[in-house]
Amino acid sequence: MKPDNKNKNLINEFTPFLERPDKVWFLKISVLFLFIAIGFYAFYVQVKKGHIVTGMRDHVVWGIYIINFIFFLGLSYAGALISCIFHLARIQWGKPLMRMLEMTATISLVIAPVYILLCIGRVDRLHHLLIYARIQSPITWDVIAIVTDLFFCFVFLYFTHIRDFARLRDLPEIKVSRWRKRLYRFLALGYRNTPEQAKYLNQALDIMAAIIIPTSIIAYSLLAWLFGMNLRPGWHSSIFAPYFVLTAVYSGIALLIVIMWIYRKVYNLEKYITIEHFYYLGFVLIILDLFYGYFTFSEYITEWYNSQKTPTLLLYKFFNFSEYGGLFIFSNFIAAFLPLIIIGIPWFRSVKSITITSALVIVALWIKRYLIIVPTLETPYIPIQDNRAEWVHYSATWVEWALTLAGIATFILFFIFSSKIAPIIPVSAMEDKTKKIKIFYHKKN
Amino acid sequence: MAKKRKKSKSSRRKFIRTGITLGALTVTGSGIVSSLAKEEEQDSEKIKLLNQDGKLVEVASSKIKLYHKPAVSKKARKGISGRKFVMVIDLSKCGNARKCIDSCQKGHNLATDQEWIRVHLMKDNQQSDPYWFPKPCYHCDNPPCVKVCPVGATFKRSDNCVLIDVNRCIGCKFCISACPYSVRIFNWKDRYSYREKDTDYSPETSVPGQVGTVGKCDFCPDKSRNGELPYCISSCPMGALYFGDINEDTITNGDETLRFKKTIEERAGYRYLEELGTEPNVYYLPPVDRMYPFERGLKDLTEEQKARYNNVISKLQSDNETGQ
């Protein structure tokens, strides 16, 4: 099964992105490294002086670190979930987006656990999690879930890359350094696209995809239970796990649209990432937006209706503009209504508006996590009576913001690096023009 | 320079302290001595001790008080056998003198902003009067904090104490967010008092603390071992705090000793937020027949300390303004 000449052009279109980068690329990289360096300095300060340099205190013990943790983990599980659904359902238009989704899944799954480590007072005792592990603790559940998912995601990501590595290995004219060629040869694992090899690879991909879908749902539910299992008004709710999973998928689709837009702009991929892609995903965004609004409404209305003391106090904070009113309205308006208006009404709908809406949704969902964590911790059963204002109200310090920005910079940096190693569009999958849906496990009649 | 002097001073103090403890331990630490002590009461035998200046002195052994070392490592996880510690707080007596907080901080080497026992000002509803509400750790029988600990650094003992092993704690703070009573606090920064290398750490004494770990009220089982009351109990000027043993059915505030069951029965003792199912071991006697108005508790406070009760005080003022 040799690719014909016409298809050969496809990979050739992408090879320039893999070859020696220009000056702008290096500039981008160094800016990102600068942010990461500042993050490292902030981390040093935190280790040196203790957690006192953060905004976290005795009542609000978890701050934006844990919010970033939830946020990145959500992106990761969403990426894994959506790409596996695309794969298993053989959605043809989803093919060019597969790699972006898998990269999102893996990269954010690498970054997220770093934030939980920043929350931990004694990082030097991390091995205690293994030697004294207690299975009763939701933290142990999370450790198991993240490690498992990390493994599956890496395997799946790698499997989807094998064909492309083989293609790159067989390109004599590609201008990359020798170690890169050797790397491609090594990573391609001797894949020659023989019918037998192709069959096994396809089977492996199907099995991995089928495993990852439930794994990512379970893993994100476990994270939700980390909060839901606490005896705290605002957290102790059975809606938490499905709510978290839905929010994750929602933020994942929004991020996918933004990444699509960036690569389309930078690499001029209009041919592969079309307006239809934006529209299709925009409609998915609307559906998720409606679900999200439904879940949100359902959560708050049940808390409000019976007016229990502490939950009511918490709700008052959400509607009080001197507390969290502004953030609450902003976050919920954007996450529950904006896509409906901008994408739902044809007059507003365009590639640009869909992208801007998605970017805003990402921000709104980050704020949503903030509203889940911080106000709840500020509203325990016994009202906080402390004479130090900073111990009652949480406000993140420069250390926490620096490390947040460093995380985002790392995310972008990994994306840039990975799209330097392999094309951002799964080329071999695209070359495979067969429109027919392949089912590998069909019974022979 | 100043630092250096401080250091040398502290090392001298350390040496003296080591001398005393070593001396006391060598003579009294074990059961043999206790049997000796009994004999000596009769013939008042003298025992040689090393004193603070490093000199050997002879002391009548009947004068020596037996000192039980607090349990360490695995032993500390078991608890004192046959005991079921319990605390009863009489809300009608508490006047926010804050002596319990001070003595607890002194006893556990805490800074002034680390409160293992807090005094809240409570007002249950618009009609009821405000009252002072001391809040130690409740040492629950079904502790949410123990449930969520990923490394077993916090544990429940047979004598009702919920203790923390700071040598094992990884500082994930999950227990702090899991505690519905907001009892636990985190050691946010390194303190001078954490570096006392000469004190053997025990979860029973909780001293010295460690940066990046969690601390809380420990019911002072090390004091109980020596037949003493916890710091907060013995320092309360009103005798509002009682400590005792459910198995013995007695509680005491140092002055009077009461029957535990009878007290709870007759005075309608209750546990705070009973409906959460955490089964606390701290009981409250309702604030009936108050000994004095709650305002007395605000009198000796600094403006800063007063500010912490603003949420209740401002409500009171607004209620007054509306005419009631």
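Residues numbered from 1 in each chain as written. Chains lettered and ligands numbered in written order. Predicted model: local features only at pLDDT ≥ 70, side-chain atom pairs only at ≥ 80, totals over all residues.

### A look at the interface of chain B and chain A
Each side of the interface is counted separately: chain B has 39 residues, and chain A has 35 residues. Elements that contribute at least two residues to the side of chain B that touches chain A include exactly β4 (118–122), α4 (144–148), α5 (174–178), β8 (185–186) and α10 (303–307) of chain B. If you tally residues by element for the side of chain B that touches chain A, the top one is α5 of chain B, at four residues. (Contact = placed C-beta atoms within 7 Å. Helix = DSSP H or I, 4+ residues; strand = E, 2+ residues; numbered from the N terminus.)

### Considerations on helix α11 (residues 309–319) of chain A
All names here are of chain A. Listed in full, the buried residues belonging to α11 are P311, L314, L315, K317 and F318. The buried residues of α11 all sit within an arc of 150° when viewed along its axis, so they share a single face. Residues of α11 that are buried sit in contact with α10 (275–305), α12 (325–336) and α14 (351–377). (Buried ≥ 20, exposed ≤ 12 C-beta atoms within 10 Å, placed from the backbone. Arc of directions from axis to C-beta.)

### A word on the packing of helix α4 (residues 98–119) of chain A against helix α16 (residues 398–421) of chain A
Residues and elements named next belong to chain A. Interhelical geometry of α4 versus α16 gives an angle of 155° and a closest axis separation of 10 Å. Here α4 is positioned roughly antiparallel relative to α16, judged by the angle of their axes. The two elements α4 and α16 cross, and the hand of that crossing is right-handed. On α16, the residues touching M103, I107, S108, I111, Y115 and L118 of α4 are L403, G407, T410, F411, F414, F415 and S418. (Axes fitted to C-alpha atoms, helices over the stretch in contact; angles between N-to-C directions. Parallel < 35°, antiparallel > 145°, perpendicular 65-115°, else oblique. Left-handed = near helix turned anticlockwise from the far one by under 90°.)

### Structural notes on the sheet that holds strand β12 (residues 257–259) of chain B
Residue and element names in this part refer to chain B. The strand order across the open sheet built from five strands is β12-β11-β10-β3-β13, with neighbouring strands paired in mixed fashion. Two strands lie at the open edges of the sheet, namely β12 and β13 (282–285), each paired on one side alone. For this sheet the average axis-to-axis angle between neighbouring strands, irrespective of direction, equals 25°. Bridge count between strand β10 (residues 241–245) and strand β11 (residues 250–252): three bridges; the pairing is antiparallel. Following the sheet pairing, F243 is matched in β11 by T252. (Pairing = 2+ DSSP bridges.)

### Quick notes on the packing of helix α3 (residues 64–88) of chain A against helix α8 (residues 195–228) of chain A
All names here are of chain A. Axis separation between α3 and α8 bottoms out at 9 Å; the angle between their running directions is 150°. The angle between α3 and α8 places the two elements in the roughly antiparallel class. As for the relative orientation of α3 and α8, their crossing is left-handed in sense. In this structure, α3 contributes I70, L73, G74, Y77, A80, L81, C84, I85, H87 and L88 to the contact, and α8 contributes L205, D206, A209, A210, I212, I213, S216, I217, A219, Y220 and L223. Split into classes, the residues belonging to the contact of α3 with α8 amount to 17 nonpolar, three polar and one charged. (Nonpolar A, V, L, I, M, F, W, Y, C, P; charged D, E, K, R; others polar.)

### Some points on the domain arrangement of chain A
All names here are of chain A. For chain A, the assigned domains read domain 1 (8–232 + 396–430) and domain 2 (237–379). The C-alpha-based centres of domain 1 and domain 2 are spaced at 22 Å. Taken together, the contacts link 33 residues of domain 1 with 31 residues of domain 2. For the side of domain 1 that touches domain 2, the element with the highest residue contribution is α3, accounting for 11 residues. Classifying every residue of the side of domain 1 that touches domain 2 gives 26 nonpolar, six polar and one charged. (Domains from an automatic or database assignment.)

### Focus on the nonpolar core
In terms of nonpolar packing, the biggest core is built from 177 residues, with V249, I253 and L256 of chain A together with L241 of chain B touching the most fellow members. Per-element accounting of this core gives the leading share, 17 residues, to helix α9 (residues 240–267) of chain A. When near neighbours in sequence (up to four residues on either side) are disregarded, L256 of chain A contacts L97, M100, L101 and L281 of chain A. Listed in part, the seven residues of the second largest apolar core include F165, A166, L168 and Y191 of chain A. (Core = buried A, V, L, I, M, F, W, Y, C linked by C-beta atoms within 7 Å.)

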